[in-house]
Amino acid sequence: MSTTQTHSPSQGFTPIRARAASRPGTWISAVVVAVLALGLIWFLVTNPVLEWGTVATYLLDVKVVQGVGWTLLLTAASMVLGTAVALTAAIMRRSDNPVLRGVSWAYIFVFRGIPVYTQLVFWGLFTVIVPKLVIGVPFGPELLSFSTRDLLTAFWAAVIGLGLNEGAYLAEIIRSGLNSVDRGQSEASKALGMSTGTILRRIIVPQAMRVIVPPLGNETIGMLKTTSLVLAVPFTLDLTFATNGIANKLFTPIPLLIVAALWYLAITSVLMVGQHYLEKHFGRGFDARTPTTGRGGRSRQAAVNRAGTTPHDPLPEVEL
Amino acid sequence: MTQTPESSAPVRPRAVIEVEAVHKTFGDLHVLKSCELTVRAGEVAVLVGPSGSGKSTLLRCLNQLEEPSAGRVLIDGEVQGYQPDPLPDGRWQKLASAQIAAQRSRIGMVFQRFHLFPHLTALGNVMEAPVQVRGLPRAAAEKKARAHLERVGLADRADHYPSELSGGQQQRVAIARALAMDPELMLFDEPTSALDPELVSEVLAVLKDLAADGMTMVVVTHEMNFAREVADQVVFMDEGRILERGTPEQVIDHPGSERLQGFLASVL
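Here is a short report on the structure shown in this document. (Residues numbered from 1 in each chain as written. Chains lettered and ligands numbered in written order. Predicted model: local features only at pLDDT ≥ 70, side-chain atom pairs only at ≥ 80, totals over all residues. Heavy atoms only, no water.)

1. Things to note about helix α2 (residues 52-59) of chain A
Residue and element names in this part refer to chain A. Among all positions in α2, only T54, V55 and Y58 are buried. Along the axis of α2, the buried positions cluster into a sector of 105 degrees, meaning they face one direction only. Across from the buried face of α2, at angles greater than 90 degrees, the exposed residues are G53, A56 and T57. (Buried < 20%, exposed > 50% of the residue type's maximum accessible area, 1.4 Å probe, protein only. Helix = DSSP H or I, 4+ residues; strand = E, 2+ residues; numbered from the N terminus. Arc of directions from axis to C-beta.)

Next up, the structure:
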């Protein structure tokens, strides 16, 4: 109940003039935390080991900026691959077909259960394990063959490794998103004669996105940081590798860790802005103040009132 | 052109719905027991009965949201969900999902809880199926959708999302959405039960308007006054069986069975 305060005496009442109850604990804790925070900042600024001058010198170093570019590219490509795989796996999990369900379950089991680092090393060695890809008749003549070494560069090995691992996590997120859409939605769509594919594409997925986007944003930020493991492939152009390389050359690891940290923070900030707009886009039609269901009383009534649809109803009332 | 189904009438309109000995079980629960129903073109059939009597299940069998466990449903003489003739071994060949979708697309349905698509505006809700199912160009679909919204009195609400509409308005959008597919018949599953009392009449007004236009309709409802005024046929169901059927006068004013008398006493 948050009614706006009106001080107009014409409304026939005098609003309560309230004095807040004293809360000494709030003040004490605020002072303690503020002192600790200031101390930490002071320590960061004045500590000579951090070498802020070196940080400034290398923050915009060509190698570092290129590393940022590669890290962004890795993040974007792996998330696109991961989302595509995850959507497929999530839809397969919902299928009536036990083979599709089983394969999807196994994929999630394997790729979620093995550490990313291990998976990345495996993808780096893929060209050793599978030197040649052959298209042809099974057990018969081969029509086309590729050397995997030519196809699977370190970049793509990293993207596949990160993407498939991510897909296993996203599959569960997308599945819970799809399940969050009211069953009545697919019934109403079926009753209109829509096919299963149309129902998914036009009705279920757009509504599920509302539930999927917030954790998807988290996963993207997580992916940004996971790309620092691609040395395992080995892929050697990303931000972490670039700053480590410089650090090893200068024997100054600490300022370059700070350079990397600042860049990761900056990218995360940009991603958070993107997430905000995505949430806004997929939240359309749902009142922002009812984050879970979109139908609960007060705020829906508020939306009805705001739209001003009820009082001047065009259809005449009919007496029964 | 509502005609009473008097058997003495010389030319009776064709049967749009024929339900033949339909049974439905959910596990051990026998919810429909040998139901028979015929609804002719332009007729309004109203299904009444206590909750749990199977009327919604019967309605949902008509557009295959439920599969009958036994018996057949024919719409316009066409068997729903199966090939018209049995296979040599006596089994019935189920239709592919695309064919079932095509059969459903000819039947409009309105739900108790509206089930509007919350991420689309009122206009988007009404346009969606004509564009996606019928392949109508967007411009043509929009023109048609606006006409249907106009018909239910909501032309000026076209750009509102469902969450910005009252319950009665949402249900009228749902009716327009069903009408946009040019259905041969309309099914209404307790269309006013989820509405605040003062909003019921605006939805019933749309139903009456449709009935007056000659739409074939099956309505599950507790609104006895509506049944009395609009129904050609009132069907009383109890515990999965159709116990009584007839004109409103016969069923509502001169109930035969004790069960119907008891039911009417509780709703009137």
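2. Side note on the nonpolar core
L178 of chain A together with I17, L58, L62, L187 and V218 of chain B are the most contacted members of the largest nonpolar core, which has 78 residues in total. Per-element tally for this core: the top contributor is helix α8 (residues 154-179) of chain A, with 12 residues. Among all residues touching L62 of chain B, those that are not within four sequence positions of it are I17, V19, V73, I75, Q80, I107, L187 and V218 of chain B. Counting 51 residues, the second largest nonpolar core, distinct from the first, contains V126, V152, L210 and F263 of chain B. (Core = buried A, V, L, I, M, F, W, Y, C linked by side-chain atoms within 4.5 Å. Contact = heavy atoms within 4.5 Å.)

3. Regarding the sheet that holds strand β4 (residues 70-75) of chain B
All names here are of chain B. Taken in spatial order, the 4 strands make up an open sheet running β2-β1-β4-β5, and their pairing is antiparallel. Both outer strands of the open sheet, β2 (29-40) and β5 (78-79), are each paired with one neighbouring strand and no more. Direction of pairing for strand β1 (residues 15-26) relative to β4: antiparallel, over a ladder of 5 bridges. Note that in β4 the partner of E18 across the bridge is L74. (Pairing = 2+ DSSP bridges.)

4. Some remarks on the interface of chain B and chain A
By a widespread convention, an interface's size corresponds to the accessible area lost as its parts come together. Facing the 46 residues of chain B at the interface are 35 residues of chain A. When chain B packs against chain A, close to 3500 Å² is buried across both sides, 56% of that on carbon and sulfur atoms. Summed over the three residues of chain B that lose the most area to chain A, namely F117, H119 and S163 of chain B, the buried surface amounts to 17% of that side. Where chain B touches chain A, the interface holds 2 salt bridges. Of the charged contacts in the structure, one is a salt bridge between R202 of chain A and E128 of chain B, with a shortest N-O distance of 2.6 Å. Seen at the junction of chain B and chain A, the total is 7 residue pairs in polar contact (both at pLDDT 80 or more). Of all elements in the fold, only α2 (97-104), β6 (107-110), α3 (122-132), α5 (167-179), α6 (200-212) and α7 (224-230) of chain B reach the threshold of two or more residues within the side of chain B that touches chain A. (Buried area = accessible area lost by both parts, 1.4 Å probe. Salt bridge = Lys/Arg side-chain N within 4 Å of Asp/Glu carboxyl O. Polar contact = N/O pair within 3.5 Å; in protein donor to acceptor, adjacent residues only side chain to side chain.)

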